[in-house]
Amino acid sequence: MDEMEEELKCPVCGSFFREPIILPCSHNICLACARNILVQTPEAESPQSSRASGSGVSDYDYLELDKMSLYSEADSGYGSYGGFVSAPTTPCQKSPNGVRVFPPTVPPLPQVQHHLLPHTGVLPPVPRNSCLTCPQCHRSLTLDDRGLRGFPKNRVLEGVVDRYQQSKAAALRCQLCEKSPREATVMCEQCDVFYCDPCRLRCHPPRGPLAKHRLVPPAQGRISRRTSPRKTSTCTEHELENLSMYCVQCKTPVCYQCLEDGKHSTHEVKALGAMWKLHKGQLSQALNVLSDRATEAKEFLVQLRNMVQHIQENGVEFEACLVAQCDALIEALNRRKAQLLSRVTKEHEHKLSVVRDQISHCTVKLRQTTGLMEYCLEVIKENDPSGFLQISDALIRRVHMTENQWGKGSLSPRMSSDFDLTLDSGPLLQTIHQLDFVQMKVPAAPILQLEECCTQTNSATLSWKQPPLSTIAVEGYILELDDGNGGQFREVYVGTEMICTVDGLRFNSTYKSRVKAFNSSGVGQYSKTLVMQTSEIAWFTFDPATAHPDIILSNDNLTVTCNSYDDRVIMGNTGFSRGVHYWEMTIDRYDNHPDPAFGIARADVMKDVMLGKDDKAWAMYVDNNRSWFMHNNSHTNRTDGGISKGATVGVLLDFSRGILLFLINDEQQGPVAFNTLEGMYYPAISLNRNVQVTLHSGLPVPDFYTPGESEAAGSVC
């Protein structure tokens, strides 16, 4: 009920409607508020033919007026039923109810007019050439001589407001309590009585005829309860006449006087009660549709609120994951930092060790050199020539040797004081700057498009799509089918397409299918499993797409002949790889004793030679007297008995035993023609222009033949 409150408030004053009137644009406004926003237009600008509610323009004419009376922050206008009068630009304001109201550009009516006339209790008349602008849609109207009385009163809205205000008043009391009525807890719509819980259990038990009564909360019951009898409405133009008819063209209630001498005399009218019920029914139907949309909106809001919770949870989880990943990077960087510092420390110690060794070595040599120099100086001071000459040669050699020891390299540092290591951090810094989020989730489960999935004979076509809100990248899809007998699933397609046709399935079998998507992060979940039923009968026709150009087809691709004297091959449009299959061909025309060939072939069989000439076909060719079996141009098992016009040639393919045999006129022709057959085979025939045959497929196996134990009799695949 609280949601309805905004519908019951005036867009001008923001309070509950008081004496609401209906404007031609279907919006409502208080009568007093309507007088407050009236403006008086100049005489020259007022269209003389305009009327507030009595013109011949219907509500639908406002569709054209909408194009002229567009209101914006920089443009506004005023018009009437009969035309449009521009007005200077004025800024818009807002009413207490939040609706934009464009204030008039001409002085409003004197405020004295807003008071009731003395001793009458009614509003004074509105001056001529007054203009009223709807505060909601901003359509402007010029009033006629009747003024605001020309607008009908909205008694329904007024009654709803009264009931709503009453429901918000004092608490409802039980109507059956004898002393000190308790607060009512329910109201019976059928009994029209308010009950407290004890009185309801005592006077309105939920059994017998009362069990079908509908109990509602007191507030709801009060709203739906009529507070007064239905009032009789009077005509706005003929105040003494009651409204009894409905003008279909003007879409308004009218009285008999309007029909006799008013503008509605030539209009189509209907009974007011009948139109009342009709419009109530239309409103109820519209409300049912709107109720469904409201229910969907509530469910959608619940979904959005759940999404908010999931987003918050996922956000916290994702932030924690991001922090953990960054911490792991920092930890790895710290470990690498420790390793590099260790290398620097080793280099530092190595340099110090080399320099210290050199210092120690040089110190020893310098001490020895200094000692030798001092000794030589003392020797030079001696005055004994013979003694000096005895040791001078040796000292000279020692001085030269010592001097040589201080050669060029001995006075150079063995190690540089600079560190020849440079940390190459550029690529790492660039990588850190390029560090960003990438798609690391597996794809969501695809959605099978059931309207595009179908089966035809022993082929199945499946179509799927990604969920609408999924933004995860998909690199491909995997389609899986079971074996048609409740067995394990197997992959039948891997690729990027989202539609796939699978051929060569068993006839009269039920297959389960599912699909999943994958990307570099992995494989997503499976879609829902789709169950498909293949055709019960192995029915097929000749395939014009794979036929030799000389082949001529008719009868919905069931009858075939040729326009060449040479043999030409045509195959069926369905391949077989499992099961037992039997089909026949009737000889419609047989001239000049040709030898057509009947049998099976691979998809890549030669089409311009007799069937059986290459290693891709297994056939029986027959003339009017005898037949032969042929494969890879090898002729075997000559058998008497030929064909003629009207004859029937049967082909029986049994994969349970891997054999192929032939029949002529329902009799087996020769022994088993071929065995150890495996793989995919297509029905095939070769013929020339002297022969015409008609195909009959999906036939039961002949009575004399018993299929293998693993296969049931009949055409199944």
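None of the values given here were measured: they were computed from a predicted structure.

Q: What exactly am I supposed to notice about the nonpolar core here?
A: What tends to happen in soluble globular proteins is that the nonpolar side chains get buried as a cluster. In terms of nonpolar packing, the biggest core is built from 39 residues, with Trp583, Met585, Phe598 and Leu660 touching the most fellow members. Broken down by secondary-structure element, the contributors of at least two residues to this core are strand E26 (559-562), strand E28 (580-590), strand E29 (597-601), strand E30 (617-622), strand E33 (648-654), strand E34 (659-664), strand E36 (682-687) and strand E37 (691-696). With 4 residues, E28 is the single largest residue contributor to this core. If sequence neighbours within four positions are ignored, Leu660 has contacts with Ile600, Trp618, Val651, Leu652, Leu653, Val672, Ala673, Phe674 and Leu677. Counting 23 residues, the second-largest nonpolar core is a separate cluster that includes Cys30, Leu132, Leu141 and Val161.

Q: What's the story with the environment of Val531 in this structure? I'm lost.
A: Counting through the fold element by element, Val531 comes out in strand E24 (residues 530-533). Along the backbone, Val531 and Leu481 are 50 residues apart, and their C-alpha atoms lie at a distance of 9.7 Å. Not counting the four nearest positions on each side in its chain, Val531 is found in contact with Thr510, Tyr511 and Lys512.

Q: Honestly, the packing of aromatic side chains in this entry has me stumped. Any pointers?
A: The geometry of an aromatic ring pair is captured by two quantities: the separation of the ring centres and the angle between the planes. In the structure shown here, the tally under the stated rule is 12 aromatic pairs. Measuring from ring centre to ring centre gives 5.7 Å for Phe540 and Trp583, while their planes differ by 85 degrees; the resulting arrangement is edge-to-face. Pair noted here: Phe540 is in the loop between E24 and strand E25 (551-554) and Trp583 is in strand E28, with a separation of 43 residues, a long-range link. You can call Trp583 buried: its relative accessible area is 1%. Taken together through their ring pairs, the aromatic side chains of Phe507, Phe540, Phe576 and Trp583 make up a single cluster. One Lys or Arg, Lys351, reaches over the ring of Phe419 and ends 5.7 Å from the middle of that ring. Above the ring of Tyr565, the side-chain terminus of Arg689 is found at 4.7 Å from the ring centroid.

Q: Please clarify how the state of the cysteines should be interpreted in this entry.
A: Working definition of a disulfide: a covalent bond connecting the sulfur atoms of two cysteines. The final tally for this structure, using the stated rule, is 0 disulfides. Cys137 supplies the cysteine sulfur nearest to Cys25, a cysteine that is in no disulfide, at a spacing of 3.6 Å. We classify Cys25 as buried; its relative accessible area is 12%.

Q: For this particular structure, what's the right way to read the sheet that holds E37?
A: Pairing is antiparallel in the open sheet, where 7 strands are placed in the order E25-E26-E37-E28-E33-E34-E35. Each edge of the open sheet is held by one strand with a lone partner, namely E25 and strand E35 (667-668).

Q: Help me understand the side chain of Lys516 in this model?
A: One can find Lys516 in strand E22 (residues 510-519). Its relative accessible area of 13% is what places Lys516 among the buried residues. When neighbours within four sequence positions are excluded, Lys516 is seen to be in contact with Pro446, Gly476, Tyr477, Ile478, Glu480, Val523, Gly524, Gln525 and Tyr526.

Q: Please explain the pattern of salt bridges as it appears in this structure.
A: Where side chains of opposite charge bring their charged atoms close, a pairing between them can arise. Evaluated as defined, the whole model comprises 12 salt bridges. A salt bridge links Asp197 to Arg200; the nearest nitrogen and oxygen atoms lie 3.7 Å apart. Placement of both Asp197 and Arg200 in helix H4 (residues 197-203) is noted, with a separation of 3 residues, approximately one turn of the helix. With its nearest N and O atoms 3.3 Å apart, the salt bridge here joins Arg335 to Glu331. Pair noted here: Arg335 and Glu331 are both in helix H7 (residues 272-380), with a separation of 4 residues, about one helical turn. Judged by its relative accessible area of 47%, Arg335 is partly exposed.

Q: What is the right way to look at the pairing of E37 in this model?
A: Put simply, side chains in a regular strand alternate between the two faces of the sheet. Where E26 and E37 come together, 2 bridges link them in antiparallel fashion. From the neighbouring strand, Val560 faces E37, where its bridge partner is Val693. Here E28 runs beside E37; their pairing, made up of 6 bridges, is antiparallel. Opposite Tyr590, over in E37, you have Val691 as the bridge partner.

Q: Any chance you could explain a nonpolar patch on the surface here in plain terms?
A: A surface patch of nonpolar side chains, about 440 Å² in accessible area, is lined by Phe300, Leu301, Leu304, Met307 and Ile311. Topologically, Met307 is positioned in helix H7.

Q: Would you take a moment to explain the confidence of the model for the chain for this structure?
A: Any region with low pLDDT has predicted coordinates that should not be read closely. For the chain, per-residue confidence averages 81 on the pLDDT scale, and residues scoring 70 or more make up 83% of the total. Under a pLDDT of 50 for its full length, residues 43-121 has, in the predicted model, 156 contacts with residues more than four places off or in other chains. In the model, residues 709-717 has pLDDT below 50 throughout and makes 33 contacts with residues more than four positions away in sequence or in other chains.

Q: Explain the pairing of strand E27 (residues 568-571) to me, please; I cannot follow it from the model alone.
A: Taking every second residue as pointing to the same face, both faces of E27 are buried, with Arg568 and Ile570 on one and Val569 and Met571 on the other. Both E27 and E36 contribute to a ladder of 4 bridges, which runs antiparallel. Following the sheet pairing, Arg568 is matched in E36 by Leu687.

Q: Can you help me understand unusual backbone geometry in this one?
A: Excluding glycine, most residues fall at negative phi; most peptide bonds, likewise, are trans. The phi dihedral of Asp192 falls on the positive side, at around 60 degrees, and the residue is not glycine. Phi at Thr676 takes a positive value of approximately 55 degrees, unusual for a residue other than glycine. Tracing the chain through its elements places Thr676 in the loop between E35 and E36. Take Thr676: its relative accessible area is 70%, and that puts it in the exposed class.

Q: Just to check I follow, could you spell out the environment of Ser410 for this structure?
A: Here Ser410 lies in the loop between helix H8 (385-405) and helix H9 (426-433). Ser410 sits in the partly exposed class, given a relative accessible area of 22%. C-alpha separation for the pair Ser410 and Cys362, spaced 48 residues apart in sequence, amounts to 8.4 Å. Among all residues touching Ser410, those that are not within four sequence positions of it are Gln358, Cys362, Lys365 and Gln405.

Q: I would appreciate a short explanation of the sheet that holds strand E13 (residues 245-247) in the present structure.
A: Neighbouring strands of a sheet are bound in pairs by backbone hydrogen bonds; such pairs are parallel or else antiparallel. With antiparallel pairing, the 3 strands of this open sheet are ordered in space as E14-E13-E15. The sheet is open, and its two edges are formed by strand E14 (252-254) and strand E15 (269-271), each paired on a single side. On average, each strand axis in the sheet is tilted by 40 degrees relative to the strand beside it, whichever way the strands run. Inspection of the sheet shows E13 paired to E15 by 3 bridges, in the antiparallel sense. Bridge pairing in E15 links Met245 to Ala271. Lying over the sheet, H7 contacts E13, E14 and E15, oriented at roughly 85 degrees with respect to E15.

Q: For this particular structure, what's the right way to read H8?
A: The periodicity of an α-helix, 3.6 residues per turn, causes residues three or four positions apart to be oriented the same way. Taking 1.5 Å of rise per residue, the 21 residues of H8 would be expected to cover 30 Å, and the 29 Å separating its terminal C-alpha atoms lies within 8% of that figure. Of all the bends found along H8, the most pronounced is centred on Ser392 and spans about 40 degrees.

Q: Explanation requested: the packing of H7 against H8 in the structure shown.
A: The description of two packed helices rests on the angle between their axes and on the distance between the axes. It is at 11 Å that the axes of H7 and H8 come closest, and there the two elements cross at 155 degrees. Taken together, the axes of H7 and H8 are roughly antiparallel relative to one another. Relative to H8, H7 is oriented so that their crossing is left-handed. Each of Lys365, Thr369, Leu372, Tyr375, Cys376, Val379 and Ile380 in H7 lies in contact with H8, whose residues at this interface are Phe388, Ile391, Leu395, Arg398, Val399, Thr402 and Gln405. In the contact of H7 with H8, the residues fall into 9 nonpolar, 3 polar and 2 charged.

Rules and cut-offs
Residues numbered from 1 in each chain as written. Predicted model: local features only at pLDDT ≥ 70, side-chain atom pairs only at ≥ 80, totals over all residues. Heavy atoms only, no water. Core = buried A, V, L, I, M, F, W, Y, C linked by side-chain atoms within 4.5 Å. Buried < 20%, exposed > 50% of the residue type's maximum accessible area, 1.4 Å probe, protein only. Helix = DSSP H or I, 4+ residues; strand = E, 2+ residues; numbered from the N terminus. Contact = heavy atoms within 4.5 Å. Phe/Tyr/Trp six-rings, centres within 6.5 Å; stacked < 30°, edge-to-face > 60°. Lys NZ or Arg CZ within 6 Å of the ring centre and 35° of its normal. Disulfide = S-S within 2.5 Å. Pairing = 2+ DSSP bridges. Salt bridge = Lys/Arg side-chain N within 4 Å of Asp/Glu carboxyl O. Patch = residues over 30% accessible without salt bridge, like charges linked within 9 Å, V, L, I, M, F, W, Y side chains within 5 Å. Areas by Shrake-Rupley, 256 points an atom, 1.4 Å probe, with all protein chains shown as cover. pLDDT = per-residue confidence, 0-100. Axes fitted to C-alpha atoms, helices over the stretch in contact; angles between N-to-C directions. Expected span 1.5 Å × (residues − 1). Bend = angle between axes of the 7 residues up to and from the residue. Parallel < 35°, antiparallel > 145°, perpendicular 65-115°, else oblique. Left-handed = near helix turned anticlockwise from the far one by under 90°. Nonpolar A, V, L, I, M, F, W, Y, C, P; charged D, E, K, R; others polar.

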